[in-house]
Amino acid sequence: MEELSLFIVEDRPILAEALAFQLEKLGYRVDGTASSGEEALEKLEILRPDLMILDIDLGEEMSGIDIAQQLRDTEGPPFIFLTGVTDAPTIERAIATNPVAFLQKPVTARRLSAAIDIAIQNLDNDHPARLEQTPPPNPVPVSAREDFIFVRVRNRYVRIAIDEIHYIQADESYSRIHAHDQVHVLSIKLKEIERRLS
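All figures in this text were calculated on a predicted structure; none of them were measured in a lab. (Residues numbered from 1 in each chain as written. Predicted model: local features only at pLDDT ≥ 70, side-chain atom pairs only at ≥ 80, totals over all residues. Heavy atoms only, no water.)

(A) Just the overall build of the protein chain, in detail. For the protein chain, the helix and strand inventory stands at six helices and twelve strands. Here the contacts in the protein chain between residues at least 6 apart in sequence split such that 53% fall between residues at least 24 apart. Element-wise, carbon and sulfur atoms account for 47% of the exposed surface of the protein chain, whose accessible area totals about 10,700 Å². (Helix = DSSP H or I, 4+ residues; strand = E, 2+ residues; numbered from the N terminus. Contact = heavy atoms within 4.5 Å. Areas by Shrake-Rupley, 256 points an atom, 1.4 Å probe, with all protein chains shown as cover.)

Written out as structure tokens, the structure is:
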């Protein structure tokens, strides 16, 4: 079981540092940061984060939207747009890149946690995130992605490799995932886990 890994692209170092601090305080792992589009694309050739937080306005030639378009073309990691920009043309361009969520500045721990909840839920869906989304009333306890799943444990997501799961046990409207030395009890039926994994 691993923490959800994130990568931050923000041109203002103090904001990137504050965001990384908030993420780590919420129990997530920050694999790195970048302050420009070029730096981000270079680091992403090496790093494989589960999720990115990507500022739209990087104050340079390459915007966050430009990076998102390149990520979409190369099957890069899913991303949450971070923005203080609210003009309609910019938001329309951003939505066209299919982000999994939007996070508006100023960032608070509550907004950050809600954006990650929305992003994890949207990883299972084929629709773009909408600006000003509210968090789901009951955040999804499990979400599948390639060869691992995300499981919600104590208000944060952790990653469990599919091949580390010994078995999943049904218990009425609960399921127990047995992986390594741990058992994760989820308030979701086995049928729903099976649907998400297929």
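(B) Representation of the packing of helix α1 (residues 13-25) against helix α5 (residues 109-122) in the model. Orientation of α1 relative to α5, taken along the N-to-C sense of each, is 70 degrees, at an axis distance of 10 Å. With respect to their mutual orientation, α1 and α5 come out roughly perpendicular. Every pair of crossing elements has a handedness; the one defined by α1 and α5 is right-handed. Of α5, the residues touching α1 (which contributes L19, Q22 and L23) are A109, L112 and I116. The residue makeup of the contact of α1 with α5, split by class, is five nonpolar, one polar and no charged. (Axes fitted to C-alpha atoms, helices over the stretch in contact; angles between N-to-C directions. Parallel < 35°, antiparallel > 145°, perpendicular 65-115°, else oblique. Left-handed = near helix turned anticlockwise from the far one by under 90°. Nonpolar A, V, L, I, M, F, W, Y, C, P; charged D, E, K, R; others polar.)

(C) View of the nonpolar core. Counting 25 residues, the largest nonpolar core has L4, L6, L23, L51, I53, I80 and I116 as the members making the most contacts within it. Those elements that place two or more of their residues in this core are β2 (5-9), α1, β4 (51-55), β5 (79-83), β6 (101-104), α5 and β8 (148-153). For this core, the leading source of residues is α5, giving six residues. Discounting chain neighbours no more than four positions away, the residues touching L6 are L23, Y28, R29, V30, D31, G32, P49, L51, I53 and I116. Core analysis: the second largest hydrophobic core is formed by 19 residues, V9, M52, I65 and I91 among them. (Core = buried A, V, L, I, M, F, W, Y, C linked by side-chain atoms within 4.5 Å. Buried < 20%, exposed > 50% of the residue type's maximum accessible area, 1.4 Å probe, protein only.)

(D) Molecular detail of the packing of helix α2 (residues 37-44) against helix α3 (residues 64-73). At their nearest, the axes of α2 and α3 sit 10 Å apart, and the two run at 25 degrees to each other. Between α2 and α3, the crossing angle belongs to the class labelled roughly parallel. Crossing handedness for the pair α2 and α3: right-handed. Judged by residue contacts, G37, A40, L41 and L44 of α2 engage I67, Q70 and L71 from α3. Partitioned by chemical class, the residues of the contact of α2 with α3 number five nonpolar, two polar and no charged.

(E) Focus on a nonpolar patch on the surface. A surface patch of nonpolar side chains, amounting to about 270 Å² of accessible area, comprises Y174, V183 and V185. Inspection of the secondary structure assignment puts V183 in strand β12 (residues 182-186). Given the relative accessible area of 43%, V183 is considered partly exposed. (Patch = residues over 30% accessible without salt bridge, like charges linked within 9 Å, V, L, I, M, F, W, Y side chains within 5 Å. Salt bridge = Lys/Arg side-chain N within 4 Å of Asp/Glu carboxyl O.)

(F) Molecular detail of α2. Where α2 is concerned, the buried positions are G37, A40 and L44. One side of α2 holds all its buried residues, which, seen down the axis, span an arc of 60 degrees. (Arc of directions from axis to C-beta.)

(G) Layout of the sheet that holds β12. If you walk across this open sheet you meet the three strands as β10-β11-β12, and the pairing is antiparallel. Of all the strands in the sheet, the pair left with one neighbour each is β10 (165-171) and β12. Adjacent strand axes in the sheet meet at a mean angle of 20 degrees when their direction is disregarded. In terms of strand pairing, strand β11 (residues 174-179) meets β12 through five bridges, oriented antiparallel. Bridging across to β12, S175 finds its partner in L186. Against the sheet, helix α6 (residues 190-197) touches β10, β11 and β12, its axis set at about 140 degrees to β10. (Pairing = 2+ DSSP bridges.)

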